[in-house]
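What follows is the residue order along each chain.
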Amino acid sequence: MKTILFATHNDGKMKEVREILQDPALSVLSLKDAKIALEVEETGSSFEENALQKATQIADWCQKSGALDLPGCEPSEIIVLADDSGLEIDRLGGEPGIYSARYMGRDTSYREKNANLIARLEGVPKEERTARFVCAIAAVFPDKTHAVTRGVVEGYIGWEESGENGFGYDPIFYLYENDRSTASLLPEEKNGISHRGRALRRMKEILDERNG
Ligand code: IMP
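Everything numeric in this text was worked out from a predicted model, so none of it was measured. (Residues numbered from 1 in each chain as written. Predicted model: local features only at pLDDT ≥ 70, side-chain atom pairs only at ≥ 80, totals over all residues. Heavy atoms only, no water.)

1. Here we look at helix α5 (residues 195-211)
Over its 17 residues, α5 extends 24 Å from the first C-alpha to the last, a length consistent with the 24 Å expected when each residue adds 1.5 Å. For α5, the elements touching its buried residues are β1 (2-6), α1 (11-21), β3 (78-89), β4 (130-140), β5 (146-157) and α4 (187-193). (Helix = DSSP H or I, 4+ residues; strand = E, 2+ residues; numbered from the N terminus. Expected span 1.5 Å × (residues − 1). Contact = heavy atoms within 4.5 Å.)

Encoded structure:
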């Protein structure tokens, strides 16, 4: 059986990944499942470069360390997936972009980060508040070839936080269709339109093609 190793320790992310990649011929594991505590560096200049860097470092590590000591997991059958995502605000030259997690420091609360972004857009009209969530997903296959997909959701930055769901920048990111923030959506509604969902579904098509 082919094993997908998805480079995250985040359970919420894994839930979405499992729902979208589900296939009886695939075993989908997180780094936590595989007991890998590797910290990978992100030094690329795009979401795609960072995702590929992460996937490559983990694939190399698996190969060097004799791979995963898990029942039913064949080292030569492991496909490593990794993602990188963030928020791009056009009026701010694409900030926070690939630095979304690190914007104003990793330990700064999202309440402060969001308030700061809203303040930086003071006086800017709706049509110039355009923004998007972007997600790149990279796959490194056992033969060392790779593939990268991108998913995007377009919206704008609101004038105040709203909504109790989601995380990070969701309370200030609004959709044009209904003028609601992505933090106001139910998790299943957000998964249906999210940048990560879109990139993952594209990756699933690539995995299916390579399997078929
Ligand atoms: P990661 O690459 O998935 O770890 O995401 C990097 C950062 O981008 C997160 O820490 C958030 O700040 C931001 N981000 C990515 N996706 C979302 C989202 O769906 N909602 C809100 N913020 C997000």
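Okay, back to it.
2. Section: the site of the ligand
Around the ligand sit 15 residues in total, of which Lys 13, Ser 85, Tyr 110, Lys 190 and His 195 are the nearest. Side-chain polar atom of Asp 84 to an oxygen atom of the ligand: 3.4 Å apart, as the coordinates give it. Of all elements in the fold, only β3 and α5 reach the threshold of two or more residues within the shell around the ligand. Tallying contributions element by element places β3 first for the shell around the ligand, with three residues. A class-by-class count of the residues in the shell around the ligand yields five nonpolar, five polar and five charged. (Near = heavy atom within 4 Å. Polar contact = N/O pair within 3.5 Å; in protein donor to acceptor, adjacent residues only side chain to side chain. Nonpolar A, V, L, I, M, F, W, Y, C, P; charged D, E, K, R; others polar.)

3. Things to note about the packing of aromatic side chains
Under the counting rule described, the total for this entry stands at four aromatic pairs. With a centroid separation of 5.0 Å and 85° between ring planes, the pair formed by Tyr 110 and Tyr 169 is classed as edge-to-face. Placement of the pair is Tyr 110 in helix α3 (residues 110-120) and Tyr 169 in the loop between β5 and β6 (173-174), with a sequence separation of 59 residues. Note on Tyr 110: relative accessible area 30%, which makes it partly exposed. A ring pair is formed by Phe 133 and Phe 173, whose centres lie 4.4 Å apart and whose planes are at 45°; its orientation type is tilted. Taken as a pair, Phe 133 in strand β4 and Phe 173 in strand β6 lie far apart in primary sequence, 40 residues in all. On the basis of relative accessibility, which here comes to 7%, the residue Phe 133 falls in the buried class. (Phe/Tyr/Trp six-rings, centres within 6.5 Å; stacked < 30°, edge-to-face > 60°. Buried < 20%, exposed > 50% of the residue type's maximum accessible area, 1.4 Å probe, protein only.)

4. As for the pattern of salt bridges
Side chains that differ in sign of charge can pair as their charged atoms come close. Taken as a whole, this structure holds 21 salt bridges when the rule is applied. The salt bridge partner of Asp 23 is Lys 204, with a shortest N-O separation of 3.8 Å. Taken together, the residues Asp 23 in the loop between α1 and β2 (26-30) and Lys 204 in helix α5 connect sequence positions 181 residues apart. With a shortest N-O distance of 3.3 Å, Arg 132 and Glu 88 are connected by a salt bridge. Of this pair, Arg 132 sits in strand β4 while Glu 88 is found in strand β3, placing the two residues 44 residues apart along the sequence. For the pair shown, Arg 132 and Glu 88 are each scored as buried. Counted as one network, the salt bridges with shared partners bring together Lys 13, Glu 16, Asp 83 and Arg 196. (Salt bridge = Lys/Arg side-chain N within 4 Å of Asp/Glu carboxyl O.)

Read these as geometric descriptors, not functional statements.
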